[in-house]
Amino acid sequence: MLLNKNKEENCLDLKYEYPVVEMFHSIQGEGFWCGVNAFFIRLAGCDVFCPWCDQKETWVMKKYPLFTVENIVNNLLNINTKHIIITGGEPLLHNLFPLTNVLKKQGYITHLETSGSHPFTGDFDWVTFSPKPYKKTDESIYNHVGELKVIIDNENDFIFAELEASKIADNVPKYLQPQWENPLSKELIFEYILRHPQWRLSLQTHKFLGVR
Ligand code: SF4
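Residues numbered from 1 in each chain as written. Predicted model: local features only at pLDDT ≥ 70, side-chain atom pairs only at ≥ 80, totals over all residues. Heavy atoms only, no water.

K.L.:
Quick rundown of the side chain of Lys149? Include the residues and the values.
P.N.:
Looking at where Lys149 falls in the secondary structure, it is placed in strand β7 (residues 147-152). For Lys149, a relative accessible area of 6% gives the class buried. Polar contacts involving the side chain of Lys149 include one to the side chain of Glu30, which spans 2.4 Å. What Lys149 contacts, discounting residues up to four positions off in sequence, is Glu30, Thr128, Phe129, Ser130, Pro131, Tyr175, Gln177 and Ser202. (Helix = DSSP H or I, 4+ residues; strand = E, 2+ residues; numbered from the N terminus. Buried < 20%, exposed > 50% of the residue type's maximum accessible area, 1.4 Å probe, protein only. Polar contact = N/O pair within 3.5 Å; in protein donor to acceptor, adjacent residues only side chain to side chain. Contact = heavy atoms within 4.5 Å.)

So, in structure tokens, the structure goes:
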């Protein structure tokens, strides 16, 4: 499967289709690029099933309309941004080469937000790797990580976070982010970072702003 995907590294197929949940212009609320003007493409489908997922409506792929690469890039015509963030759901359920190849050719900076649970595809300038304990990580992600971001819901998640961090180079920024619905998670992270300064705090600032 991976071989077939890699064969499409140079593919510029404007008719390639993706199920799209939503596309919108906003500000990246989390992690290393927090505060940056960006356009989000949220692809449908996820088989990780995090119990606290705030995007559960994205899980079922077939609920959403298919957009060609051409349709997607047409949505960018009047948008003043350089950054395109492909998110989900779990975007690596899809072959991301056709979309990212066209975006790169048009000069955009491409970002991926992924749990890393499926083989890596696509041409990305930045990869936010947010592994989850609910599905095994695919080894192909580890060569591409721009930042590690682990959601903390309870104490056990720190063990998982350290395990994933041990597989990633020291100079890659590493974030702990509270599970939004669990107020206790903020306190746990605050105390943890004081004891483990290699970690940074990521907050979902778009939720404080009340925007997408
Ligand atoms: S990987 Fe992301 S989209 Fe999928 S269930 Fe977990 S939080 Fe939700």
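K.L.:
Lay out the site of the ligand with the relevant residues and their values.
P.N.:
The environment of the ligand is made up of Cys46, Val48, Phe49, Cys50, Trp52, Cys53, Trp59 and Gly89. Taken atom by atom, the bulk of the ligand overlaps the largest pocket. Looking at side-chain class alone, the shell around the ligand contains seven nonpolar, one polar and no charged residues. (Near = heavy atom within 4 Å. 1 Å grid on protein atoms, 1.4 Å probe; cavity = no way out; pocket = protein on both sides within 12 Å on 5 of 7 lines; lining within 4 Å. Sits in = over half its atoms within 2 Å of the grid points. Nonpolar A, V, L, I, M, F, W, Y, C, P; charged D, E, K, R; others polar.)

K.L.:
Tell me about the nonpolar core, residues and numbers included.
P.N.:
Grouped together as the largest cluster of nonpolar side chains are 41 residues, with contacts concentrated most on Leu176 and Trp199. Setting aside residues no more than four positions away along its own chain, Trp199 makes contact with Leu148, Val150, Ala161, Glu162, Ala165, Lys174, Tyr175, Leu176, Tyr192 and Ile193. Listed in part, the six residues of the second largest apolar core include Val48, Cys50, Trp52 and Cys53. (Core = buried A, V, L, I, M, F, W, Y, C linked by side-chain atoms within 4.5 Å.)

K.L.:
So, the layout of surface pockets: which residues are in play, and what are the values?
P.N.:
A volume near 790 Å³ is recorded for the largest pocket. Residue lining of the largest pocket: 40 residues in total, with Arg42, Asp54, Gln55, Thr87 and Gly88 positioned closest to the centre. In terms of residues, the lining of the largest pocket owes the most to one element, strand β1 (residues 17-27), which gives four residues. Counted by class, the lining of the largest pocket contains 13 nonpolar, 15 polar and twelve charged residues. (Points joined across faces, edges and corners; volume = space filled by probe spheres on them.)

K.L.:
Got a sec to walk through a nonpolar patch on the surface? Specific residues and values, please.
P.N.:
Side chains of Trp180, Leu201, Leu203 and Phe208 sit close together on the surface and give an oily, nonpolar patch of about 380 Å² of accessible area. Relative to the helices and strands, Phe208 resides in helix α6 (residues 205-209). Taking the relative accessible area as the measure of exposure, Phe208 reaches 53% and is therefore exposed. (Patch = residues over 30% accessible without salt bridge, like charges linked within 9 Å, V, L, I, M, F, W, Y side chains within 5 Å. Areas by Shrake-Rupley, 256 points an atom, 1.4 Å probe, with all protein chains shown as cover. Salt bridge = Lys/Arg side-chain N within 4 Å of Asp/Glu carboxyl O.)

K.L.:
Now, about helix α3 (residues 97-105): what can you tell me, with residues and values included?
P.N.:
For α3, a buried count of seven out of nine residues is recorded, marking the element as mostly surrounded by other parts of the structure. Taken together, the buried positions of α3 are occupied by Phe97, Pro98, Leu99, Thr100, Asn101, Val102 and Leu103. Of the residues one or two after α3, Gly107 is the one with positive phi, at around 90 degrees.

K.L.:
Give a detailed account of unusual backbone geometry, specifying residues and quantitative values.
P.N.:
Each neighbour pair has its own omega, and for Gly88 with Gly89 the value is 10 degrees, a cis peptide bond. In this structure, Gly89 sits in the loop between β4 (83-87) and α3. A positive phi angle is found at Phe49, which is not glycine, with a value near 60 degrees. Turning to its location among the elements, Phe49 is positioned in the loop between β2 (37-43) and β3 (66-68). Among the residues examined, Phe49 registers a relative accessible area of 46% and is labelled partly exposed.

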